[in-house]
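# Close look at the chain arrangement
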Amino acid sequence: MFVGDRIAFIHHPVLGDDMGEIIAVDLQGQTKVLSGRLPTTVGLAWGGDREIWFTPGQAKIDTIHAVDLDGRRREIYRAPVDIHLDDVAPDGSVLLTSRFDRTDVIHVSASGQQRFMSWSEWNYDVGALSRDKILFSVTDPTPTAAGLQGSLALLRKLDGSPAQILAEGAAD
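Here we summarise the structure given alongside this text. Predicted model only: the values in this text are computed from it and were never measured. (Residues numbered from 1 in each chain as written. Predicted model: local features only at pLDDT ≥ 70, side-chain atom pairs only at ≥ 80, totals over all residues. Heavy atoms only, no water.)

## Focus on the sheet that holds strand E6 (residues 51-57)
As a reminder, the rule being used: When DSSP finds two or more bridges between two strands, those strands count as paired. The helix count covers DSSP runs of H or I at least four residues long, the strand count covers runs of E at least two residues long, and both are numbered beginning at the N terminus. Where helices are involved, their axes are fitted lines through C-alpha atoms of the stretch in contact, as for all axes, and angles between N-to-C directions lie from 0 to 180°.
In space, the four strands of this open sheet follow the order E5-E6-E7-E8, with antiparallel pairing throughout. Sheet topology places strand E5 (40-46) and strand E8 (73-78) at the edges, where each strand pairs with a single neighbour. Neighbouring strand axes in the sheet, compared pairwise and without regard to direction, differ in orientation by 25° on average.

Take a look at the structure:
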């Protein structure tokens, strides 16, 4: 993003990884790193002519932060879901994209009838399907302090009645 005599961008040092740092460069080629390495960061826009706004995160990308040209950083907004900063208008209003990712399990009968079988936001690894039951896994996509994600193996009747938790782990 360009404003005045400066260009701001997110430097992602590892190809395919959204870890990055906020950098500003002037028209003479002088660069300044304005943030340390952030675990994940996407979306960047100038908020006025001396502040850069961006959306960083740890496990989730759920905040808008600003950093000035001296490297002072502040949090502007925190959302309940993942967001992506698209632009900042001159009056300070923000255009952002809200993202809500999930995976679902849907049973389709031989007659074409569909039934939503999901139990949480992250349903996966269908392990088995019988005449009247389905075995699948659910997980919490937010890593724990130990870096692990919790998974549960579930058994659910195809009539839509509540799922029965069988064990911790995957159903595959």
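Back to the write-up after that little detour.
## Regarding the nonpolar core
For clarity, the cut-off: We call a set of buried Ala, Val, Leu, Ile, Met, Phe, Trp, Tyr and Cys residues a nonpolar core when their side-chain atoms join them within 4.5 Å. Throughout, exposure labels follow a simple rule: accessible area from a 1.4 Å probe, protein chains only, divided by the maximum for the residue type, with under 20% read as buried, over 50% as exposed, and the rest as partly exposed.
By size, the foremost hydrophobic cluster in this structure holds twelve residues: Ala8, Ile10, Ile22, Ala24, Leu34, Leu38, Leu44, Trp46, Ile52, Phe54, Val67 and Leu69. Secondary structure elements with two or more residues in this core: strand E2 (6-11), strand E3 (21-26), E5 and E6.

## Some thoughts on the environment of aspartate 101
Turning to its location among the elements, aspartate 101 is positioned in the loop between strand E10 (94-99) and strand E11 (106-108). Among the residues examined, aspartate 101 registers a relative accessible area of 46% and is labelled partly exposed. Taking C-alpha positions, aspartate 101 is 30 Å from serine 111, a pair spaced ten residues apart along the chain.

## A word on the sheet that holds strand E13 (residues 123-129)
With antiparallel pairing, four strands are arranged side by side in an open sheet as E13-E14-E15-E16. Unpaired on one side and paired on the other, E13 and strand E16 (164-168) mark the two borders of the sheet. Each strand of the sheet is rotated relative to its neighbour by a mean of 25°, with strand direction disregarded. In this structure, strand E15 (residues 151-157) lies alongside E16, joined through four bridges in antiparallel fashion.

## As for the pairing of E3
Two faces, one strand: in a regular strand the side chains alternate between the faces of the sheet. Within E3, five of the six residues are buried, which leaves the element mostly enclosed by the surrounding structure. In terms of strand pairing, E2 meets E3 through six bridges, oriented antiparallel. Within E3, the position partnered with isoleucine 7 by the bridge is valine 25. With three bridges joining them, E3 and strand E4 (residues 31-33) adopt antiparallel strand pairing. Directly across from valine 25, in E4, lies its bridge partner threonine 31.

## Some words on the pattern of salt bridges
Put simply, the test is: In the sections that follow, a salt bridge refers to a side-chain nitrogen of Lys or Arg positioned within 4 Å of a carboxyl oxygen of Asp or Glu.
Under the defined criterion, the tally for this structure stands at eight salt bridges. Note that arginine 72 is salt-bridged to aspartate 68, the shortest N-O span being 2.9 Å. Here aspartate 68 falls in the buried class, since its relative accessible area comes to 13%.

## Some thoughts on a nonpolar patch on the surface
The following threshold applies: To count toward a patch, a residue needs a relative accessible area over 30% and no salt bridge; like charges are then connected within 9 Å, while nonpolar side chains (Val, Leu, Ile, Met, Phe, Trp, Tyr) are connected within 5 Å. For the accessible areas, the method is Shrake-Rupley and the probe is 1.4 Å, while residue cover comes only from the protein chains on display.
Judged by side-chain polarity, Ile76, Tyr77, Val94 and Leu96 come together as a nonpolar surface patch covering roughly 290 Å² of accessible area. Of all the elements in the fold, those that place two or more residues in the nonpolar patch are E8 and E10. By secondary structure assignment, the location of isoleucine 76 is in strand E8. What makes isoleucine 76 partly exposed here is its relative accessible area of 31%.

## Looking at the pairing of E10
The pairing of strand E9 (residues 82-88) with E10 spans six bridges and is antiparallel. Its bridge partner lying in E10, aspartate 87 is registered against leucine 95. Hairpin connection, E9 to E10: the antiparallel pair is bridged by five residues, and glycine 92 has positive phi, about 90°.

## Points about the environment of leucine 34
One can find leucine 34 in the loop between E4 and E5. Along the backbone, leucine 34 and glycine 71 are 37 residues apart, and their C-alpha atoms lie at a distance of 4.6 Å.

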